[in-house]
Amino acid sequence: MKKFVAAALCVCLTASAAFAAGDAITTRKTIMDSVAAAAGLGGGMMKGEIAYTPAAGKAAIMSMAAASHSFGAFFPEGSEAGDTTAAPAIWSDAAGFEAALAKFAAASDAAVQASGKDGPADVDAFKAAFGPIMANCKSCHETFRVKK
Ligand code: HEC
């Protein structure tokens, strides 16, 4: 009987861990999709392909800030396998990943600070705030994302 309970508990824990890992992968990929959308909006305004407005500039910056502060919470043990391009380095070099997240968050927070209440006044002010956020994509992906 004792053995049976232990086995049942074990199966149940394994199943719930697998489910949580899959959830975390879906969540973090969707957060990154929101980062890509904000990059599209911000980049489009920087290039003059989308008309610049302070409110839209602020929206792009706030999305980045929200993502940069939440993304790191969705890398539980067990979520390195599955439909993901997260690199094993996230778990083997957790301190390095934390540092990359902190850099992304610091650039985003500085941009929020620079936005004020209504958003950066003109496209040059926006570029100065948003450029340093965009500098984080490639550097983090190079180390912490695998190409599939
Ligand atoms: C601190 C690290 C980090 C930063 C900064 C970062 N990314 Fe990512 N990104 C990742 C990781 C890790 C994944 C893989 C997530 C997965 O597949 O589980 C990813 C995945 C993605 C994806 C694919 C999402 C999907 O649906 O599979 C896109 C698009 C993306 N990032 C765009 C960006 C852009 C644009 C920026 C810069 C504005 C950026 N990322 C900044 C770590 C980062």
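Here is what the cut-offs are and how they apply
- Going along each chain's sequence as written, the residues are numbered from 1 onward.
- Where local features are concerned, this predicted model is filtered to residues with pLDDT of at least 70; where side-chain atom pairs are given and counted, the filter is 80 or more; whole-chain, interface and lining totals use all residues.
- Side-chain measures were taken over the full set of non-hydrogen atoms in the model, leaving aside hydrogen atoms and water.
- The rule for donors is simple: an N, O or S atom within 2.8 Å of the metal counts, and for Na, K and Ca the reach is 3.2 Å. Water is not among the atoms, so a site may look short of donors.
- A four-donor site is called tetrahedral if each angle lies between 85 and 135 degrees; a four-donor site is square planar, and a six-donor site octahedral, when trans pairs exceed 155 degrees and the remaining angles lie between 65 and 115; all other cases are labelled irregular.
- We count a stretch as a helix when DSSP gives it H or I for four or more residues in a row; a strand needs E for two or more, and each element gets its number in order from the N terminus.
- Here a residue counts as near a molecule or strand whenever at least one of its heavy atoms sits within 4 Å of it.
- The term polar contact refers here to a pair of N or O atoms within 3.5 Å; inside protein, the definition further demands a hydrogen-donor-capable atom paired with an acceptor-capable atom, and it admits residues adjacent in sequence only when both atoms are side-chain atoms.
- Note on method: axes are straight lines fitted to C-alpha atoms, helices fitted across the in-contact stretch only, with angles between N-to-C directions ranging 0 to 180 degrees.
- Definitions for this section: a left-handed crossing has its near helix turned counterclockwise from the far helix by less than a right angle. A right-handed crossing has that turn clockwise.
- The contact criterion used throughout is that any non-hydrogen atoms of two residues lie within 4.5 Å.
- By the convention adopted, Pro, Cys, Tyr, Trp, Phe, Met, Ile, Leu, Val and Ala count as nonpolar, Lys, Arg, Asp and Glu as charged, and the other residues, Gly among them, as polar.

### Details of the coordination of the iron atom of the ligand
- Taken together, Met32 (SD) and His141 (NE2) make up the full set of protein donors to the iron atom of the ligand, lying 2.0 to 2.4 Å away.
- Note that the iron atom of the ligand binds six donor atoms; their angles at the metal cover 84 to 179°, and the shape is octahedral. Of this pair, Met32 sits in helix α1 (residues 2-46) while His141 sits in helix α5 (residues 123-144), and the two are 109 residues apart along the sequence.

### Brief notes about the site of the ligand
- Near the ligand there are 23 residues, and of these Met32, Thr84, Cys137, Cys140 and His141 occur at the shortest range.
- In the environment of the ligand, an oxygen atom lies 2.8 Å from a nitrogen or oxygen atom belonging to the side chain of Asp33.
- Within the contact set of the ligand, a nitrogen atom lies 2.8 Å away from a side-chain nitrogen or oxygen of His141.
- Taken together, the elements giving at least two residues each to the shell around the ligand come down to α1, α4 (94-115) and α5.

### Regarding the packing of helix α2 (residues 54-70) against α4
- Between α2 and α4, whose axes approach to 9 Å, the crossing angle comes to 145°. The handedness of the crossing between α2 and α4 comes out as left-handed. Between α2 and α4, the contacting residues are Lys58, Ile61, Met62, Met64, Ala65, Ser68 and His69 on the first element and Phe104, Ala105, Ser108, Asp109, Ala111, Val112 and Ser115 on the second.
- Split into classes, the residues belonging to the contact of α2 with α4 amount to eight nonpolar, four polar and two charged.

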